[in-house]
Amino acid sequence: MKLNIDGLLVYFPYDYIYPEQYSYMLELKRTLDAKGHGVLEMPSGTGKTISLLSLIVAYQTTFPLEVTKLIYCSRTVPEIEKVVEELRKLMDYYAKETGAKSNFLALALSSRKNLCIHPEVSSLRFGKEVDGKCHSLTASYIRAQRHSNPAQPVCNFYEEFDSVGRQVPIPSGIYNLDDLKDFGRRKGWCPYFVARYSILHANIVVYSYHYLLDPKIADLVSKELAKKSVVVFDEAHNIDNVCIDSMSVNITRRTLDRSQANVETLQNTINRIKETDAAKLKEEYRRLVEGLKEANVARETDIYLSNPVLPDEILKEAIPGSIRTAEHFVGFMKRFLEYLKSRLRIHHVVQESAPQFLKDIFEKVCIDRKPLRFCAERLRSLLRTLEIADIADFSAITLISHFATLVSTYSKGFTIIIEPFEDRTPTIANPVLHFSCMDPSIAIKPVFGRFQSVIITSGTLSPLDIYPRILDFRPVTVASFTMTLARTCLCPLIVGRGNDQVAMTSKFETREDFAVIRNYGNLLLEMSAIVPDGIVAFFTSYIYMENIVASWYEQAILENIQRNKLIFIETQDAAETSMALEKYQEACENGRGAILLSVARGKVSEGIDFVHHFGRAVIMFGVPYVYTQSRILKARLEYLRDQFQIRENDFLTFDAMRHAAQCVGRAIRGKTDYGLLIFADKRYARADKRGKLPRWIQEHLTDGSLNLTIDETVQLSKHFLRQMAQPFRREDQLGLSLLTLEQLQSEDMLKKIAKIAQQA
Amino acid sequence: MDEEPERTKRWEGGYERTWEVLKEDESGSLKATVDDILFQAKRKRVFESHGQVRLGMMRHLFVVVDTSRTMEDQDLKPNRLTSTLKLMEYFVEEYFDQNPISQIGIITTKNKRAERLTDLAGNPKKHIAALKKAVDSTCIGEPSLYNSLHMAMQTLKHMPAHTSKEILIVFSSLTTCDPANIYELIKTIKDLKIRVSVIGLSAEVRVCTILTRETGGSYNVILDEGHFKELLMLHVKPPPASSSSECSLIRMGFPQHVIASMSDQDAKPSFSMSHLESTSGGPELTLGGYYCPQCRGKYTELPVECKVCGLTLVSAPHLARSFHHLFPLDAFQETLLEEYEGEKFCEACQGELKDKRIFTCPSCKKVFCVECDLFVHDTLHCCPGCMHTDGTS
């Protein structure tokens, strides 16, 4: 259908449209018009992706000079593939309607592991191995060596691409990962490098967050992307954590040992080269004297995305003399490593700020701030010069160098915590140095700064105002959309008491309480008897889950539950969990029924969807607060309070509620889906918690569904499940939650649509 | 139900929120109440049955009744089992009333097994007796869909292709315990053109959804007892035959009822042939009866399949009763009450028209309320308005 969105002709590849999609596109259009950033919350299963794509593609076609590129960031490979498929549908529709073959180029990009077609390399199991092996076949000096020594193995696909592929652009079309591989096989070109090369002139790029947010990768992949791009972060409710993780460094004793080995290797290589090819080192020295002028010019002319690891100041200066020669640098690194080692030999926890750390390092081993800053750059240059093939081996020393640069560059926003042992195992010495980023805005700042529009969207972004604050940007639109429903297909219930009127809560003081555990067990037991097929239950942590399940076992609750359904448990082992998931789905499929016990913030709660019968009910046992005793978290809370005026409690509640919403949202994946959302903790009934749930859940949370007993919950659930099992056809939705073009254009409907979006 | 079922005490029942029934939809605009959807479904049923479709008049139906642990649930009064069996009795009667030349068989499933309560047979009395007896059985364990389907299939697959083969499952449990992959069985059943329908007593179970979708049956979940009855009654009507099923002529005998009086010299009391096999109740000597036109075997009841020559024996009124399925009454036109000008009384019940919608007979233009409309189409099968006018003119 062809839509008129505020004067823009938008091709929409379906015959029907949800009202909220229309509303979403209106807001999006407004954001693009203003060339600003936006925060948009719309429940999952309402066609966020296609709305985004339709509108932005329409914008690109209509105003080719205003928006040249769409960068769509998603979290996982399956999600990326889904986006590309939607895009393909859209483009087919375009081709059908306009008759002309469009010259759009859209492609997905993923790691080498997912794209490699080299018979040997692609058979490796781990991403790191693939990267390392690939590097050892494609690095420039390896290829240079081949001229003199034809026996040197290289990757034919890369050679082919390099000699022919760069001149011939990839034909326009839509490429997902498999398409790229097919294309690569046909031409004999390396799909990974084709993709990396092609994103520069592609109209749409779909890839993972890390390609933009992780400074190490962004520098390689994304730094030349055009300024007039629209960046979309989908499923962005965890974006702050991604930012923080990408900037944080954890150093253990093992890291140091491996770095030590790395340094040895460097030393040996330097000695060897010195004997054979001293000119090379001299050449490098000369280059370093000239400094990083080149990079500086590039950045000033705005060609590159800035890199937080390579701060602006150091571009203007040359690398300091003390580390300019290779030997001096290696010596410098050795001293730095020794210092870190000594810091790890402690018996009590140390927490200090970056300036404190710098002061200490200066006093103890006389390392200045300035050379530290250049560490990352210097190491990279050295590795290049020494022609070390397998970069993967040097990840440890690279990590250390990043740490050195970051710690000397940012005096604010980071904290250093050295713990001699883990909290859980206080007897085993396992010292860790956490260099932890507390300010997510550092990593994402270049993105906001460079690109014209950045859209942050997800099903659960409430409360909306907190994201602009913690990411430190000024959005032009902040809106939340509800789900229009022809039938109330979600039933949020807050269970606060057991049948014995004992309050149910995972509060720390009462979480070991026998009565609470028993009531939780009874709730699950009762629900297992009335909910068909799959139930997913979330606990607040692995330890808590273990305790409760053990206790249930003793009380024979588990046995009773198993009479109704099979029980599967998520563990920290990924292979075990995926096995459990598979069996769980099988049990749901063939009518046996199953319960999956899992953990909020775990793998299941983040990436796995439980459509239809895979999740008829989600039970959230307790409020999933983050582990508050963690020092890193404490430091971050303090920082948030001081810098952004966000109270600790507000942030903790916000964080807990977004995870709770994320968990329960797993079960509702569309308008024909239905599910019970059970919050088993009396604290959910409080206004401060309830108010932080996404609008589409809050809307259905009536006064009658707060602080229920188990009995009441069972009655309500039974009623709900029967109602939902009544036949439901598309006609019932039409005109209410599903619109044809005519219906969309009616006055009434437009008025109603205006109400869907709520500006924050 | 006709008579008040013996109720348990109120306090023994589950916790009920009776006020919820009266709930009004405040927001009005977006939320269409489920009642509305149900009403539409009701109407749809009337519409659907129209048009000239071939119906499978000769039906072989297996009813599978779940008698697992969950049947002891008291959300139907006094409990699910009693309520279900009672409705089943009514269903069996109604079924033979509307489908005189069809057969029914009953299977129960509990404790991971399936058990045959009655074989496929055309006599309602036997089934009802069996159902009455089943009330006292205990409900234990889990049901097994696979075993029940398998058992029903074993019998149904030998039935001739022109008959409609159906399985109706009353499923209370939310789980099933199967010895093998049920999806294989579903495929076999589909190939055998057996139609499986399910009435769920608690909630929508995935495997039933697939089962019914694959085999072309219907899947419904009850809301309450009234709805349960309604859903059961849906299965009384013969389903449209699939176009691929073959047609064949069936030989039938129409025996006349011969009444002999004691005074008649020639009359000799004789046994009914159907008593040959019956174990319960001693054979009775009777004077008159129905005599098979082919072999002169005597029967006291119709319809029946002749034990001697295998001829299907029916009476003309039986066939006539199936007749309305083939030539149903036209659907009444639905209009809004506001648009109707005239006396606001229903032609049939003479009650005041209060509902938003009214229904007009296309031939006599008389108006009816929704309840009467359903009654006319479901039970009477002729329009009282038309009959009335026919009579006078």
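Residues numbered from 1 in each chain as written. Chains lettered and ligands numbered in written order. Predicted model: local features only at pLDDT ≥ 70, side-chain atom pairs only at ≥ 80, totals over all residues. Heavy atoms only, no water.

**Q** Looking at this structure, how should I read the overall build of chain A?
**A** Of the regular secondary structure elements, chain A holds 36 helices and 21 strands. Along the first, second and third principal axes, the C-alpha atoms of chain A reach 85 × 70 × 50 Å. Within the span of chain A, comprising 760 residues, buried residues form 59% of the whole. Long-range contacts, defined as pairs at least 24 residues apart, comprise 80% of the intrachain contacts of chain A with a sequence gap of at least 6. Within the structure as shown, chain A displays about 30,300 Å² of accessible surface, and the carbon and sulfur contribution to it stands at 51%. (Helix = DSSP H or I, 4+ residues; strand = E, 2+ residues; numbered from the N terminus. Buried < 20%, exposed > 50% of the residue type's maximum accessible area, 1.4 Å probe, protein only. Contact = heavy atoms within 4.5 Å. Areas by Shrake-Rupley, 256 points an atom, 1.4 Å probe, with all protein chains shown as cover.)

**Q** How do you make sense of the overall build of chain B when you look at a structure like this?
**A** Scanning chain B from N- to C-terminus turns up 10 helices and 17 strands. Put simply, chain B has 393 residues, and 44% of those count as buried. Put simply, 66% of the contacts in chain B that link residues at least 6 apart link residues at least 24 apart. For chain B, the accessible area works out to roughly 20,600 Å², and carbon and sulfur atoms hold 53% of it.

**Q** Where do I start with the interface of chain A and chain B in this structure?
**A** When the parts of a complex come together, some accessible area is lost, and that lost area is often used as the size of the interface. Taken residue by residue, the interface counts 37 residues in chain A and 36 residues in chain B. Both faces considered, chain A and chain B share a buried interface measuring about 3,200 Å² in area, 52% of it formed by carbon and sulfur atoms. Linking chain A to chain B there are 6 salt bridges. In this structure, Lys-718 of chain A and Asp-75 of chain B form a salt bridge, with 3.6 Å as the shortest nitrogen-oxygen distance. Counting across the chain A and chain B interface gives 12 residue pairs in polar contact (both at pLDDT 80 or more). At the level of secondary structure, the elements contributing two or more residues to the side of chain A that touches chain B comprise helix H24 (514–530), helix H26 (557–564), helix H27 (574–589) and helix H33 (710–724) of chain A. (Buried area = accessible area lost by both parts, 1.4 Å probe. Salt bridge = Lys/Arg side-chain N within 4 Å of Asp/Glu carboxyl O. Polar contact = N/O pair within 3.5 Å; in protein donor to acceptor, adjacent residues only side chain to side chain.)

**Q** Help me out: how do you make sense of the side chain of Ser-458 of chain A in this one?
**A** Residue position: Ser-458 of chain A is located in strand S13 (residues 453–458). For Ser-458 of chain A, the side chain forms a polar contact with the side chain of His-237 of chain A, separated by 2.8 Å.

**Q** Would you mind going over the nonpolar core with me for this structure?
**A** Grouped burial of nonpolar side chains is what soluble globular proteins tend to show. All names here are of chain A. With 173 residues, the main nonpolar core has Tyr-207, Phe-233, Ile-239, Leu-340 and Phe-403 as its most contacted residues. Ile-239 has contacts with Leu-213, Phe-233, Ile-444, Ile-456, Tyr-467 and Leu-471, leaving out every residue within four places of it along the chain. In terms of nonpolar packing, the next biggest core, distinct from the first, is built from 113 residues, Leu-485, Leu-523, Leu-596 and Phe-720 among them. (Core = buried A, V, L, I, M, F, W, Y, C linked by side-chain atoms within 4.5 Å.)

**Q** Help me understand the packing of aromatic side chains in this model?
**A** Each aromatic ring pair is described using two quantities: the centre-to-centre distance and the angle formed by the ring planes. Residues and elements named next belong to chain A. One pass over the structure, following the stated rule, counts 36 aromatic pairs over all chains. When the ring of Tyr-158 is compared with that of Phe-161, the centres are 6.4 Å apart and the planes differ by 55°; the resulting orientation is tilted. With Tyr-158 and Phe-161 both in helix H7 (residues 156–165) and 3 residues apart, the pair spans about one turn of that helix. Here Tyr-158 falls in the buried class, since its relative accessible area comes to 8%. (Phe/Tyr/Trp six-rings, centres within 6.5 Å; stacked < 30°, edge-to-face > 60°.)

**Q** Looking at this structure, how should I read the packing of helix H2 (residues 80–98) of chain B against helix H3 (residues 124–134) of chain B?
**A** Helix packing geometry: the angle between the two helix axes and the distance between the axes. Residue and element names in this part refer to chain B. Remark: H2 packs on H3, axes separated minimally by 9 Å, with the N-to-C direction vectors making an angle of 175°. As far as their axial angle goes, H3 and H2 are roughly antiparallel. Contacts from Leu-81, Leu-85, Met-88, Glu-89, Val-92, Glu-93 and Phe-96 in H2 reach Pro-124, His-127, Ile-128, Leu-131, Lys-132 and Ala-134 in H3. Among the residues forming the contact of H2 with H3, the class breakdown is 9 nonpolar, 1 polar and 3 charged. (Axes fitted to C-alpha atoms, helices over the stretch in contact; angles between N-to-C directions. Parallel < 35°, antiparallel > 145°, perpendicular 65-115°, else oblique. Nonpolar A, V, L, I, M, F, W, Y, C, P; charged D, E, K, R; others polar.)

**Q** Please clarify how the packing of helix H1 (residues 19–34) of chain A against helix H36 (residues 747–756) of chain A should be interpreted in this entry.
**A** Residues and elements named next belong to chain A. Running from N to C, H1 and H36 point in directions that differ by 70°, and their axes come no closer than 9 Å. In this view, H1 runs roughly perpendicular relative to H36, as classed from their interaxial angle. The two elements H1 and H36 cross, and the hand of that crossing is right-handed. Of the residues in H36, those touching H1 at Pro-19, Glu-20, Tyr-22 and Ser-23 are Leu-750, Ile-753 and Ile-756. Along the lines of polarity and charge, the residues of the contact of H1 with H36 split into 5 nonpolar, 1 polar and 1 charged. (Left-handed = near helix turned anticlockwise from the far one by under 90°.)

**Q** Whenever I open this one, the pattern of salt bridges confuses me. Can you help?
**A** A side chain with one charge may pair with a side chain of the opposite charge, provided their charged atoms come close. What the rule picks out here adds up to 46 salt bridges over all chains. Arg-601 of chain A is the salt-bridge partner of Asp-655 of chain A, the closest N and O atoms lying 2.8 Å from each other. A residue pair is termed long-range when its members are at least 10 positions apart, and Asp-655 of chain A in helix H30 (residues 648–665) and Arg-601 of chain A in the loop between strand S18 (594–599) and helix H28 (603–607) qualify at 54 residues. Residue Asp-73 of chain B is joined to Arg-80 of chain B by a salt bridge in which the shortest nitrogen-to-oxygen separation is 3.6 Å.

**Q** Mind showing me how you'd approach the confidence of the model for chain B here?
**A** Residues and elements named next belong to chain B. Counting all residues, the mean pLDDT for chain B is 78, and 77% of those residues have values of 70 or more. Counted against residues more than four places away or in other chains, residues 1–8, with its pLDDT under 50, gives 10 contacts. Ignoring residues within four places in sequence, the model shows residues 27–32, a span with pLDDT below 50, making 13 contacts including any to other chains. Model confidence for the complex: the whole-complex pTM is 0.83, and ipTM, which rates the interface, is 0.81. (pLDDT = per-residue confidence, 0-100.)

**Q** Can you help me understand the sheet that holds strand S16 (residues 357–360) of chain B in this one?
**A** What links the strands of a sheet is backbone hydrogen bonding, and the strands pair in either a parallel or an antiparallel sense. Spatial ordering of the open sheet is given by S15-S16-S17 (chain B), a layout of 3 strands whose pairing is antiparallel. In this open sheet, the two strands that pair with only one neighbour each are strand S15 (333–336) and strand S17 (367–368) of chain B. (Pairing = 2+ DSSP bridges.)

**Q** So what exactly am I meant to see when it comes to the sheet that holds strand S11 (residues 289–291) of chain B here?
**A** Residue and element names in this part refer to chain B. Taken in spatial order, the 3 strands of this open sheet run S8-S11-S12, and their pairing is antiparallel. With one partner strand each, in any of the chains shown, strand S8 (257–258) and strand S12 (298–299) form the two edges of the open sheet. Pairing of S11 with S12, which is carried by 2 bridges, proceeds in the antiparallel orientation. By the bridge assignment for S12, Tyr-291 is matched with Lys-298.

**Q** Please explain unusual backbone geometry as it appears in this structure.
**A** Leaving glycine aside, a negative phi is the common case for residues, and trans is the common case for peptide bonds. Going from Ser-462 of chain A to Pro-463 of chain A, the amide bond is cis rather than trans, its omega being -10°. Mapped onto the elements, Pro-463 of chain A comes out in the loop between S13 and helix H23 (466–471). Backbone geometry places Gln-645 of chain A, a non-glycine residue, at a positive phi of 55°. For Gln-645 of chain A, a relative accessible area of 57% puts it in the exposed group. Backbone geometry at Lys-112 of chain B places phi at a positive 65°, although glycine is not the residue there. When its relative accessible area of 43% is taken as the criterion, Lys-112 of chain B is described as partly exposed.

**Q** Help me out: how do you make sense of the environment of Glu-115 of chain B in this one?
**A** Residue and element names in this part refer to chain B. Tracing the sequence through the fold places Glu-115 in strand S3 (residues 113–121). In this structure, the C-alpha to C-alpha distance between Glu-115 and His-235, residues 120 residues apart in sequence, is 22 Å. Not counting residues within four places of it along the chain, the set of residues in contact with Glu-115 comprises Ile-106, Ile-107, Thr-108 and Met-151.

**Q** It is not clear to me how H36 of chain A should be interpreted in this structure. Could you clarify?
**A** Owing to its 3.6 residues per turn, the α-helix aligns residues three or four sequence positions apart on the same side. Residues and elements named next belong to chain A. Of the residues making up H36, those classed as buried are Met-749, Ile-753 and Ile-756. Along the axis of H36, the buried positions cluster into a sector of 45°, meaning they face one direction only. Residues of H36 that are exposed and angled more than 90 degrees away from the buried face: Glu-747, Asp-748, Lys-751, Ala-754 and Lys-755. (Arc of directions from axis to C-beta.)

**Q** Any chance you could explain the pairing of strand S4 (residues 164–171) of chain B here in plain terms?
**A** Side chains on a regular strand alternate between the two faces of the sheet. Residue and element names in this part refer to chain B. Burial of S4 is extensive: 8 of the 8 residues sit out of reach of the surface. Of the two faces of S4, the one carrying Ser-164, Glu-166, Leu-168 and Val-170 and the one carrying Lys-165, Ile-167, Ile-169 and Phe-171 are both buried. One ladder, built from 7 bridges, connects strand S1 (residues 59–66) with S4; its direction is parallel. Bridging across to S4, His-60 finds its partner in Lys-165. Sheet topology note: the S4/strand S5 (residues 194–200) ladder contains 7 bridges and is parallel. Directly across from Glu-166, in S5, lies its bridge partner Arg-195.

**Q** Would you mind showing me how to read the pairing of strand S5 (residues 105–108) of chain A here?
**A** All names here are of chain A. Burial along S5 is two-sided: Leu-105 and Leu-107 facing one way and Ala-106 and Ala-108 facing the other are all buried. Both S5 and strand S6 (residues 173–175) contribute to a ladder of 3 bridges, which runs parallel. Bridge pairing links Leu-105 to Gly-173 in S6. Relative to strand S7 (residues 204–208), S5 runs parallel, the two being bridged by 3 bridges. By the bridge assignment for S7, Ala-108 is matched with Val-206.

**Q** Explanation requested: the environment of Cys-208 of chain B in the structure shown.
**A** Residue and element names in this part refer to chain B. Note on placement: Cys-208 falls in helix H6 (residues 206–215). What makes Cys-208 buried here is its relative accessible area of 0%. For the pair Cys-208 and Tyr-219, spaced 11 residues apart in sequence, the C-alpha separation works out to 7.3 Å. Leave out the neighbours within four places in its chain, and Cys-208 touches Leu-145, Phe-171, Val-198 and Tyr-219.

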